[in-house]
Amino acid sequence: MINTEYIKIDDKLPLDEQLLRPVDIIKKGGLVAFPTETVYGLGASALDEEASKKIYLAKGRPSDNPLIIHISKPSDAEKYCYTNESYYKIANKFMPGPITVILKKKDNIPLTITGGLDTVAVRCPENKVANKFIELCGFPIAAPSANTSGKPSPTKAEHVFDDMNGKIDCIIDGGQSTIGLESTIVRVIDNKCTLLRPGGITINQLYELFQDIEIDKAVISKLSDNEHPLAPGMKYRHYAPKAPVYLILRDNNDSKIIEFLDNKISTNIKTGILASNEIVNRYKGKYSLSLGANNNEREQAQNLFDRLREFDKLDVEEIYVVINQKNNDLGLAIYNRLLKASGFNIIEL
Ligand code: TXA
Ligand code: MG
């Protein structure tokens, strides 16, 4: 066990001073969890091979799953990778923000960070604590989500504490992540854009820049053993609470869904229900959790991982999640995370 320092950011005090200690820790090769607008990251110097190895150890993460490097301004990408016109199109419109771009790496980025690939994922977070932290470090920060590998990503410092206390040097508490789902990951070659992971920047927003967007098969389909997703991490079961998760896709008619859930609730099994307010309000028990208002995808995205983690605390035996059909907005990211959390377990009613 190592002693994990906990630093709660106070908006009334100067930010730079509050970040001195975590910056010092990371400069000495330590691990620091920090808030971002998407989810909390588990950071180490991206130029320090030994430090980044500690990330894999703390998370229990397979070493072939590469890390994203975080920079404080988009032009810093020049130092670590070969940028192109499409990178700047994206950067000018969406950075700083919840998007990650895959580019060819330069030699200063160690292969331990990229899982042996010749490309590297680059992201410039908007969250002011994250951005200032990276700027003060003066080098790029390699950071995956700060959860134990396989668990739902952390959107609050307490989630990080639950997974990482005693395993990392420091947690910066900057409050709840505003987006709540990880960044959108894209690969851009010439003027073609491939979506590897849907996230905070939606496909509809990307269509403002690219006419043609390909969606990697792994985003909405289960791959067979001999298929490989473009983002290595997409092959692992992820975001999963302890209990099995079943997905129910909502259409125009809720009556079948309600009949099904009524039946499940009437058994002795501790049945978790996760849905928007109008469905959850029918089930007042403590195992029914709300994602938020049905027409508010922002709210649902922000709450999703917190609720999946809550089910672990409640010790439910099975979880039924009712969600809307996927769309080209945040709905695709919500759908993708739930497909992974359920292991593609969709119930047809
Ligand atoms: O919002 C986010 O992106 C958060 C915050 C902390 O920035 N980070 C995050 O990192 O979600 P992580 O490690 O949990 O997910 C990174 C994903 C993985 O699926 C990984 O396989 C993919 O990015 N990835 C990283 N480098 C890649 C590369 N060179 N080529 C393809 N995929 C890559
Ligand atoms: Mg992750």
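Remember, it's a predicted structure, so these values are computed and weren't measured experimentally.

A closer look at the site of ligand 1
Around ligand 1 lies a shell of 29 residues, among which Thr38, Asn65, His70, Ser183 and Gly233 are the nearest. Thr38 has a polar side-chain atom sitting 2.7 Å from an oxygen atom of ligand 1. In this structure, an oxygen atom belonging to ligand 1 sits 3.4 Å away from a main-chain N or O atom of Pro232. Taking 680 Å² as the accessible area of ligand 1 by itself, protein coverage stands at 98%. Mapped onto the shell around ligand 1, the elements with two or more residues apiece are strand 4 (68-70), strand 7 (119-123) and strand 11 (192-197). In terms of residue count, the dominant contributor to the shell around ligand 1 is strand 7 (4 residues).

Regarding the pairing of strand 9 (residues 170-173)
With burial as the criterion, each face of strand 9 is covered, one bearing Cys170 and Ile172 and the other bearing Ile171 and Asp173. Across 4 bridges, the pairing between strand 1 (residues 5-8) and strand 9 is parallel. Its bridge partner lying in strand 9, Ile7 is registered against Ile172. Note that strand 2 (residues 32-34) and strand 9 share 2 bridges and pair parallel. Its bridge partner lying in strand 9, Ala33 is registered against Ile171.

A closer look at helix 1 (residues 15-27)
Between its terminal C-alpha atoms helix 1 stretches 18 Å, which fits the 18 Å expected from 13 residues at 1.5 Å a residue. The largest bend in helix 1 amounts to roughly 35° and is located at Arg21, with the proline Pro22 lying one to four residues further along. For helix 1, the set of buried residues is Leu15, Gln18, Leu19, Pro22, Val23, Ile25 and Ile26. At its buried positions, helix 1 is contacted by strand 1, strand 2, strand 3 (41-45), helix 5 (128-137), strand 8 (141-142) and strand 9.

Re the sheet that holds strand 16 (residues 318-324)
Whether parallel or antiparallel, the strands of a sheet pair through hydrogen bonds between backbone atoms. An order of 15-14-16-13-17 is seen for the 5 strands of this open sheet, with the pairing classed as parallel. A single partner strand is all that each edge strand has here, and the edge strands are strand 15 (288-290) and strand 17 (346-347). Here helix 10 (residues 297-314) sits on the sheet and contacts strand 14 (271-275), strand 15 and strand 16; the angle it forms with strand 14, its principal contact strand, is near 170°. Docked against the sheet, helix 11 (residues 330-342) engages strand 13 (245-250), strand 16 and strand 17, running at close to 145° with respect to strand 13.

A word on the pattern of salt bridges
Tallying each qualifying case throughout the model produces 24 salt bridges. The partner of Lys79 in a salt bridge is Asp76, with the nearest N and O atoms 3.3 Å apart. In this structure Asp76 comes out as buried when scored by relative accessible area, which is 11%. Its salt-bridge partner being Lys192, residue Glu214 comes within 2.7 Å of it at the nearest N-O pair. With Glu214 in strand 12 (residues 213-215) and Lys192 in strand 11, the pair connects residues that are 22 residues apart, well separated along the chain. The exposure class assigned to Lys192 is partly exposed, which follows from its relative accessible area of 35%. Shared partners join several salt bridges into a network, and the residues in it are Glu5, Arg21, Asp24 and Lys28.

Calculation rules
Residues numbered from 1 in each chain as written. Chains lettered and ligands numbered in written order. Predicted model: local features only at pLDDT ≥ 70, side-chain atom pairs only at ≥ 80, totals over all residues. Heavy atoms only, no water. Near = heavy atom within 4 Å. Polar contact = N/O pair within 3.5 Å; in protein donor to acceptor, adjacent residues only side chain to side chain. Areas by Shrake-Rupley, 256 points an atom, 1.4 Å probe, with all protein chains shown as cover. Helix = DSSP H or I, 4+ residues; strand = E, 2+ residues; numbered from the N terminus. Buried < 20%, exposed > 50% of the residue type's maximum accessible area, 1.4 Å probe, protein only. Pairing = 2+ DSSP bridges. Expected span 1.5 Å × (residues − 1). Bend = angle between axes of the 7 residues up to and from the residue. Contact = heavy atoms within 4.5 Å. Axes fitted to C-alpha atoms, helices over the stretch in contact; angles between N-to-C directions. Salt bridge = Lys/Arg side-chain N within 4 Å of Asp/Glu carboxyl O.

Treat this as a map of the structure, not an account of what it does.
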